[in-house]
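# Residue-level structural notes
The residues making up each chain are set out below.
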Amino acid sequence: MAPFSFPGRLRSAALSRKRFRSKAKHVGRKGMKNMQESFKRLKSEMEEISEEQKNIREGQRQVKQKFEAIESECEELKRETRLIIQQSARTQVKLALMFRILKARETGDSSTAAYLTEMLREIVAREKEEREADS
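Below is a short write-up of the structure. All values reported here derive from a predicted model rather than from experimental measurement.

### Concerning helix H2 (residues 29-107)
For H2, built from 79 residues, the straight-helix expectation of 117 Å at 1.5 Å per residue is met to within 8% by its first-to-last C-alpha distance of 116 Å. Where the residues of H2 are buried, they touch helix H3 (110-134). Positive phi appears at Gly108, one or two residues downstream of H2, with a value of about 85 degrees.

Right under this line is the structure:
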């Protein structure tokens, strides 16, 4: 029969399967030893990889903690900056009032000077109340 005929192909496939099975069943001592060595090597590599993964997770946790601490510090700095800006604005207002009080007194406008002085006192009193409330 020709090798390309259907029955011929079945026979050759059956023969090749028998050869494959016989090789797989008859693993000698040397083959077993190699397989055990490979298994041990793979096991140690897996343990190393597992340890590396633990280290990576720990590093990621530490980075996350540092990031959160930096983020918290950034928020605190923003809050402090807002407070400084507010204080600076209040100081500018008080300085402007003082300057206008001086000008009013120079020109002899005592009613305006008294009104501006009263405004300045109210601002200072309000700031004092806020500081006491914060403490």
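### Considerations on the layout of surface pockets
The calculated volume of the largest pocket comes to roughly 290 Å³. As for the largest pocket, its lining consists of Leu83, Gln86, Gln87, Arg90, Thr91, Lys94, Glu127, Glu130, Arg131, Ala133 and Asp134. Breaking the lining of the largest pocket down by element, the ones donating at least two residues are H2 and H3. For the lining of the largest pocket, the leading source of residues is H2, giving 6 residues.

### A closer look at the side chain of Glu127
Mapped onto the elements, Glu127 comes out in helix H3. Glu127 has contacts with Arg90 and Lys94, leaving out every residue within four places of it along the chain.

Conventions adopted
- Residues numbered from 1 in each chain as written.
- Predicted model: local features only at pLDDT ≥ 70, side-chain atom pairs only at ≥ 80, totals over all residues.
- Heavy atoms only, no water.
- Helix = DSSP H or I, 4+ residues; strand = E, 2+ residues; numbered from the N terminus.
- Expected span 1.5 Å × (residues − 1).
- Contact = heavy atoms within 4.5 Å.
- 1 Å grid on protein atoms, 1.4 Å probe; cavity = no way out; pocket = protein on both sides within 12 Å on 5 of 7 lines; lining within 4 Å.
- Points joined across faces, edges and corners; volume = space filled by probe spheres on them.

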